[in-house]
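# Reading the structure
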Amino acid sequence: MNPQHRLLLDEIKKHQGKPAKHKNTNNYAGTTSFEYHVSNPVKWKIAKDWAAKNTTISPDNFLLILDSLNTGKSHEEKSLVGCLLATFPKLRSQIKPISLDKWLNNVHGWAEVDNLCQNNFQHQNFFADWPAWEKTIRNFSKDKNVHKRRASLVLLTGPVSHSSDPCFSVLALENIDRLKGEKDILITKAVSWLLRSLIKNHHEDVEKYLEKNKDVLPRIAIRETENKLKSGRKSGK
């Protein structure tokens, strides 16, 4: 265990709590990891407090700490990887696709996947080496690991919303098309999420895709995307 990982784990243990009725339970987050039942606000505070004391950490040491946390036994240790990535944007920009590929081998459930992938790797990061990221994200969509398949969708929700560059929208629709027939909720919910994210910059493309694939897309994706196309909101209310 990396020494800084040990310090962070000590902080997690200091805030260990009881299972909440609605959140941070295995059934809610989908995780199979051991849990200390630490709330999200506390996890973020642990990450930010540590970051404030380690502002000059080198990229190599930062990566070593993330690798160590990712192999920890608890949901909270794995979650800190995403929190630290978000807290160190300059260091995050130097993370390579191979590291994310490795980390996704050790996560389970939507919360751990999304903690790593949702808005942590932004379109600017992808532009730094788009050929490598494009290949990796496409490969995720074909992987036997359902968590990597979910990642292939979640990773693109931010880029397609914040950039109109077709490199993101084309890959997004390609991955959606590859996964549209899956029934696992990890995939069906992510398909809906990515389609809705595409609407901001690719409204017509989404309308055409939805019309063409109504018979094969998950029902939740059709319902939520149609509602957002009409009202601008997920629920349509």
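Look a little higher up for the structure.
A brief look at the structure comes next. Here the structure is a predicted model, which is why all the values come from computation and not from measurement.

## What about the overall build of the protein?
Helix and strand content of the protein: 15 helices and zero strands. Principal-axis analysis of the C-alpha atoms gives the protein an extent of 55 × 40 × 30 Å. Buried residues in the protein amount to 51% of all 237 residues. Across the protein, every contact between residues at least 6 apart in sequence was considered, and the portion connecting residues at least 24 apart equals 70%.

## Quick word on the packing of helix α7 (residues 97–104) against helix α8 (residues 110–117)
It is the contact of α7 with α8, at a shortest axis distance of 11 Å, that shows an interaxial angle of 165°. Considering their axes alone, α7 and α8 lie roughly antiparallel with respect to each other. The hand of the α7/α8 crossing is right-handed. On α8, the residues touching Leu100, Trp103 and Leu104 of α7 are Val113, Leu116 and Cys117. Here the residues of the contact of α7 with α8 sort into six nonpolar, no polar and no charged.

## Observations regarding the nonpolar core
Of all hydrophobic cores here, the largest spans 64 residues; its most connected members are Leu100, Ile176 and Leu195. No other element matches the eleven residues that helix α14 (residues 185–212) contributes to this core. When residues no more than four places from it in sequence are discounted, the contact partners of Leu100 are Leu116, Cys117, Phe121, Trp133, Phe140 and Leu155.

## Topic: the pattern of salt bridges
Counted according to the given criterion, the structure contains 14 salt bridges. Sharing partners across several salt bridges, the network here consists of Glu134, Arg138, Glu174 and Arg178.

## Remarks on the packing of aromatic side chains
Scanning all chains against the criterion turns up nine aromatic pairs. Note on Phe34 and Tyr36: the rings are 4.9 Å apart at their centroids and 85° apart in plane angle, and the pair reads as edge-to-face. Taking relative accessible area as the criterion, Phe34 reaches 38% and is therefore assigned partly exposed. Here the aromatic rings of Trp130 and Phe168 are separated by 5.0 Å at their centres, their planes lie at 80°, and the arrangement is edge-to-face. Within this pair, whereas Trp130 is found in helix α10 (residues 130–142), its partner Phe168 is found in helix α13 (residues 166–179), the two being separated by 38 residues in sequence. Neither residue differs from the other here; Trp130 and Phe168 are each classed as buried. Residue placement shows Lys73 over the ring face of Phe34; its charged tip is 4.8 Å from the ring centre.

## Structural notes on the environment of Lys180
As for its position among the elements, Lys180 is in the loop between α13 and α14. Taking C-alpha positions, Lys180 is 9.7 Å from Ser192, a pair spaced twelve residues apart along the chain.

## Quick notes on α14
Given a rise of 1.5 Å per residue, 28 residues ought to cover 40 Å, yet the end C-alpha atoms of α14 are separated by just 22 Å, more than 12% below that figure. Remark: the principal bend of α14, roughly 130°, maps to His202. Capping the start of α14 is the job of one residue whose side-chain oxygen sits 2.9 Å from the backbone nitrogen of Leu186: Asp184.

## Digging into unusual backbone geometry
In this structure, His37 is a non-glycine residue whose phi angle is positive, near 60°. Counting through the fold element by element, His37 comes out in the loop between α2 (26–29) and α3 (40–53). For Asn119, which is not glycine, the phi torsion reads 65° and is therefore positive. The residue Asn119 is located in the loop between α8 and α9 (123–127) in this model.

## Quick notes on the packing of helix α5 (residues 75–87) against α8
Running from amino to carboxyl end, α5 crosses α8 at an angle of 20°, the nearest separation of the two axes being 7 Å. Here α5 lies roughly parallel to α8, going by the angle between them. For the pair α5 and α8, the crossing hand works out as left-handed. Across the interface between the two elements, His75, Lys78, Ser79, Val81, Gly82, Cys83 and Leu85 from α5 touch Ala111, Glu112, Asn115 and Leu116 from α8. Looking at side-chain class alone, the contact of α5 with α8 contains five nonpolar, four polar and two charged residues.

What counts, and at which threshold
Residues numbered from 1 in each chain as written. Predicted model: local features only at pLDDT ≥ 70, side-chain atom pairs only at ≥ 80, totals over all residues. Heavy atoms only, no water. Helix = DSSP H or I, 4+ residues; strand = E, 2+ residues; numbered from the N terminus. Buried < 20%, exposed > 50% of the residue type's maximum accessible area, 1.4 Å probe, protein only. Contact = heavy atoms within 4.5 Å. Axes fitted to C-alpha atoms, helices over the stretch in contact; angles between N-to-C directions. Parallel < 35°, antiparallel > 145°, perpendicular 65-115°, else oblique. Left-handed = near helix turned anticlockwise from the far one by under 90°. Nonpolar A, V, L, I, M, F, W, Y, C, P; charged D, E, K, R; others polar. Core = buried A, V, L, I, M, F, W, Y, C linked by side-chain atoms within 4.5 Å. Salt bridge = Lys/Arg side-chain N within 4 Å of Asp/Glu carboxyl O. Phe/Tyr/Trp six-rings, centres within 6.5 Å; stacked < 30°, edge-to-face > 60°. Lys NZ or Arg CZ within 6 Å of the ring centre and 35° of its normal. Expected span 1.5 Å × (residues − 1). Bend = angle between axes of the 7 residues up to and from the residue. Polar contact = N/O pair within 3.5 Å; in protein donor to acceptor, adjacent residues only side chain to side chain.

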